[in-house]
Amino acid sequence: MNKIFAPCLVAMLALPIALHAEAVTHLRDDWRVQSACKLNVIGETISTAGFTVDGWLKTSVPSTVLAAQVANGVLPDPYYGSNLRQIPGTDYPVGRNFSNLPMSQDSPYRCGWWYRSEFTAPAASLQNQRFWLHFAGINYRAEIWLNGHRIADSTTVAGAYRTYDFDVTELLKPGKTNVLAVETFAPTEKDLGINWVDWNPCPPDKDMGLWGAVDLVTSGAVTLRSPMAVTHFENAELATADLTVYAELHNSTGATVKGVVTGSAAGVQFEQPIELAAHEDRTVIFNPEQFPALRIRNPKPWWPYQMGNPHLERLSMSFSAKGQITDQKSVDFGIREVTSELTSNGSRLFRINGKPILIRGAGWSQDMLLRSNDNRLRDQIRMVRDMNLNTIRLEGKLETDKFFQLADQQGILVMLGWCCCDHWERWNTWTPEDHTIATASLRAQLLRLRQHASLLVWLNGSDNPPPADVESAYLKVESETHWPNPVLSSATGTPTTVTGESGVKMSGPYDYVAPSYWYVGTHYGGASGFNTETSPGPAIPSLASRQKFLPDPDVWPPSSTWSLHYGGGEFVNLKVFDEAMDAVYAKPRSAAEYERMAQTMEYDSERAMFEAYAKNKYVSTGVIQWMLNNAWPSMIWHLYDYYLDAGGGYFGTKKACEPLHIQYSYDDRSIVVVNSTAQSVSGLHASISVHNLGWKEVYRAETVVNSGIDSAQRIFDIPDSLYSGDDRIFFIDLSLKDAAGHEVSHNFYWVPVTLTTFDWEKTDYTHTPAERHEDLTALTNLPPAKVLAHAEIANTPRGREVRLHLENTSAALAFQIRAAVRTPSGGLIAPVFWSDNWIELPPGESTTLTALLPEGADGVPAVQIEGWNIASVSIAPTAVAAAN
């Protein structure tokens with residue numbers, strides 16, 4: 001009874017099904033989970049009807065083992081306080097990369113863990129109907145049993161990023177109850193698993209289990225999978241798009257099958273007769289030379305949202321034999337072409353439909369327990385657009401189909417590829433099995449994802465390029481799967497003998513540097529070339545967020561519990577950031593002061609990073625902030641925190657990347673207007689007003705600007721003479737208005753006359769240390785300002801919205817005003833989409849901020865207003881009639 005019933009398995013392992021709603025039974029609910037160490041039975045018994053699951057944990061799939069335990073309350077919330085360190089098996093040193101370490105002998109996750117489900121299969125309705133079990137992700141090995149029969153063992157099922165399709169027609173009971181049992185095994189330190197590097201801790205189960213969906217899929221004798229339409233434009237006018245269409249066919253029978261592949265793409269029809277030998281796999285191709293209808297006239301291209309409309313078309317394909325459809329698939333696709341090239345300075349420049357694009361994005365993380373929620377994904381994609389970013393980078397962490405669908409729909413580009421820092425990049429220790437798993441994983445993921453319009457580039461390595469044999473093997477897979485987008489050897493500038501120069505750099509920093517670094521440090525991480533991951537470092541969550549994951553959220557100085565939520569490796573403490581704060585601003589005396597100064601530092605440095613790259617385009621061609629989000633509640637590397645609360649770094653990024661933007665340059669004291677849109681804009685009015693610390697105006701200028709498409713235009717130079725006096729800090733107030741007088745960009749800086757100087761010789765991958773810090777300590781002693789605040793709340797077509805009116809009635813500048821919507825008791829409400837935040841309000845001026853509340857935020861919230869030199873207040877907004 002231990003024979004493996006999988007005669008078609010080898011041919012099908014790497015061909016992920018593009019799920020078709022009419023042919024799929026989602027096996028999501030009614031699963032049970034139990035440790036194999038608590039059982040004394042075999043899979044044959046577990047996978048038969050009548051087996052009792054008393055004491056097993058209830059779960060749904062996808063779910064890792066630890067996620068199931070947490071959901072059942074067996075273990076405490078691992079994200080709170082130091083709970084994670086109390087979970088059995090979490091005995092590795094704090095800050096170490098657990099993926100590189102063996103589990104302890106007494107870890108409960110060294111055992112296999114069983115997943116079991118009973119489900120009713122649909123009745124057979126077609127002649128030659130086939131049933132397939134589809135597994136979208138198993139970490140790491142597994143034995144799979146159905147109705148008392150083993151259909152795969154742990155030598156067949158190995159690899160966290162592989163997908164599997166098993167023909168179970170002979171074993172399934174159509175219309176009756178079936179039992180599926182899967183024994184999963186965690187990755188070892190010598191496996192190609194899922195890895196968290198130094199971003200956050202690794203859970204003690206190493207995310208073992210069924211982390212991807214499980215589905216029962218029906219088809220006829222021939223399956224059709226992974227349909228894709230690839231675009232090539234004849235010229236820059238984009239008047240004609242040549243489409244080439246691909247799909248993967250598989251004959252699951254032992255006989256020759258003759259049939260027809262029929263399809264439609266962007267409204268045009270095509271078909272091709274096909275004859276498949278017994279058990280044959282074949283890629284069917286429709287090209288415009290043979291099928292002229294695929295030469296689309298006057299197409300509607302897909303664009304990243306800042307360049308145009310992310311318009312999607314529909315591709316539908318089917319295979320028919322003897323007049324009966326055996327399989328059919330439909331996917332959305334975009335008529336778009338992604339290319340890349342090396343510029344004159346050796347930088348990697350990407351083009352969308354022939355147009356250059358400055359990549360401005362951030363690095364993504366899945367949840368640490370690999371839990372996924374479509375609404376949360378939707379909120380996060382919306383936050384990316386709200387910050388005016390155009391790209392998300394996935395280092396490993398290859399997200400769900402829903403993620404990529406949202407990116408397609410919203411016009412967000414996605415960089416993706418393998419992860420660093422564990423067995424994935426220890427090629428000299430790879431076994432033949434590792435090579436097989438790596439290429440099979442690549443094939444599975446490319447076939448799963450290749451049709452998505454949002455995909456920008458695949459990276460075959462991260463912190464290092466693979467050796468020639470591995471890179472060549474990867475390139476072979478990419479060719480065989482007709483990957484339609486650019487491929488890079490790694491995220492670094494290290495060339496290879498196979499593909500040469502990458503045109504990108506990964507030179508850091510990852511820890512705090514002063515804003516001027518991004519302008520003057522171009523030979524390191526500053527604004528030159530394409531920096532695939534870099535960051536000004538820590539990002540301290542608000543008190544409302546800290547209350548959700550710390551037992552002592554306002555203790556000072558920070559406790560050891562806080563430090564568990566720092567990073568790993570070189571980032572287990574915030575020493576660089578804290579020392580800079582002490583030197584530049586002041587030594588904080590409370591958690592509230594620490595948070596306030598930290599948020600201002602994050603705003604200032606994130607803004608400078610993105611602005612420097614924009615000023616220097618296309619000498620600089622891209623920058624990826626490390627990171628966008630966190631896998632768990634963290635004090636480092638995010639633009640919004642784990643709970644989707646937006647801090648200073650978020651609004652500094654949003655400001656820097658706005659479509660029409662006016663900005664200050666730390667290197668040459670120039671004022672630059674950046675147009676990131678696909679439209680030229682004439683008749684803009686730009687103005688600059690410079691004040692000293694006492695709010696005396698010392699310089700003013702204005703001019704008319706005609707801003708070209710995708711341009712960076714220098715419009716002012718602040719006179720050098722201004723910096724020769726006694727003033728040590730200047731406030732620089734910039735405004736850009738359109739021809740009708742509406743303000744399209746407003747930007748405010750606090751700039752020391754003497755900037756930070758850097759000790760370049762001591763640069764390492766984490767940062768360049770300051771030789772001498774700049775001095776902004778005077779900002780901690782600004783004269784108090786008085787700001788009147790009034791808020792209204794109304795239902796609008798966008799949702800519930802707060803309008804906050806602020807007026808500075810004093811003679812002093814109100815510095816770094818932060819507004820937050822909270823529950824009446826001060827609890828977190830998130831995400832909240834503010835029009836602007838962390839703002840300055842000059843004497844006698846007023847402004848109105850808007851805040852769109854999340855769905856479900858009912859009742860009357862509190863609006864908190866804080867700042868460096870204003871009294872903190874909390875007000876209740878007045879309800880008003882619905883607004884347009």
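Because the structure is a prediction, the values reported are computed rather than measured. (Residues numbered from 1 in each chain as written. Predicted model: local features only at pLDDT ≥ 70, side-chain atom pairs only at ≥ 80, totals over all residues. Heavy atoms only, no water.)

S.K.: Go over the pattern of salt bridges, please, and point to the residues and values.
M.R.: Summed over all chains, the structure comprises 39 salt bridges. Put simply, Arg822 and Asp645 hold a salt bridge, and the shortest N to O gap is 3.5 Å. In this pair, Arg822 sits in strand E42 (residues 814–822) while Asp645 sits in the loop between strand E30 (620–625) and helix H14 (648–656), placing the two residues 177 residues apart along the sequence. When its relative accessible area of 4% is taken as the criterion, Arg822 is described as buried. Residue Asp645 is classed as buried on the basis of its relative accessible area of 11%. In this structure, Arg714 and Asp717 form a salt bridge, with 2.5 Å as the shortest nitrogen-oxygen distance. (Salt bridge = Lys/Arg side-chain N within 4 Å of Asp/Glu carboxyl O. Helix = DSSP H or I, 4+ residues; strand = E, 2+ residues; numbered from the N terminus. Buried < 20%, exposed > 50% of the residue type's maximum accessible area, 1.4 Å probe, protein only.)

S.K.: Outline the layout of surface pockets, supporting the account with residue identities and numerical values.
M.R.: Considered as a void within the structure, the second largest pocket measures approximately 830 Å³ in volume. Lining the second largest pocket are 40 residues, and of these Lys655, Glu743, His746, Asn747 and Asp836 lie nearest its centre. In terms of residues, the lining of the second largest pocket owes the most to one element, strand E37 (residues 743–752), which gives 6 residues. When its residues are assigned to classes, the lining of the second largest pocket shows 14 nonpolar, 13 polar and 13 charged. (1 Å grid on protein atoms, 1.4 Å probe; cavity = no way out; pocket = protein on both sides within 12 Å on 5 of 7 lines; lining within 4 Å. Points joined across faces, edges and corners; volume = space filled by probe spheres on them. Nonpolar A, V, L, I, M, F, W, Y, C, P; charged D, E, K, R; others polar.)

S.K.: Run through the environment of Tyr723, naming residues and quoting values.
M.R.: Along the polypeptide, Tyr723 turns up in the loop between strand E35 (711–717) and strand E36 (729–737). Considered as a pair, Tyr723 and Thr754 are 31 residues apart in the sequence and their alpha carbons are 9.0 Å apart. Once you skip the residues sitting within four places of it in the chain, Tyr723 turns out to touch Tyr664, Arg669, Ile718, Phe730, Ile732 and Val753. (Contact = heavy atoms within 4.5 Å.)

S.K.: Lay out the sheet that holds strand E46 (residues 862–866) with the relevant residues and their values.
M.R.: Strand order in the open sheet formed by 4 strands is E44-E42-E46-E47, with antiparallel pairing between adjacent strands. At either margin of the open sheet sits one strand with a lone partner, and together these are strand E44 (839–841) and strand E47 (873–875). Ignoring strand direction, the axes of neighbouring strands in this sheet form an average angle of 35 degrees. Relative to E44, E42 is paired through 2 bridges, and the arrangement is antiparallel. The residue bridging Ala814 from the neighbouring strand is Leu841, located in E44. (Pairing = 2+ DSSP bridges. Axes fitted to C-alpha atoms, helices over the stretch in contact; angles between N-to-C directions.)

S.K.: Which residues make up the state of the cysteines, and what values go with them?
M.R.: The tally for this structure, following the rule as stated, stands at 2 disulfides. Bridging Cys37 to Cys111, the disulfide has an S-S length of 1.7 Å. Here the disulfide of Cys37 and Cys111 is left-handed, its torsion about the S-S bond being about -95 degrees. Taken together, the positions of Cys37 in the loop between strand E2 (31–35) and helix H2 (43–46) and Cys111 in the loop between helix H4 (83–86) and strand E5 (113–120) put the pair 74 residues apart, joining distant regions of the chain. When its relative accessible area of 54% is taken as the criterion, Cys37 is described as exposed. (Disulfide = S-S within 2.5 Å.)

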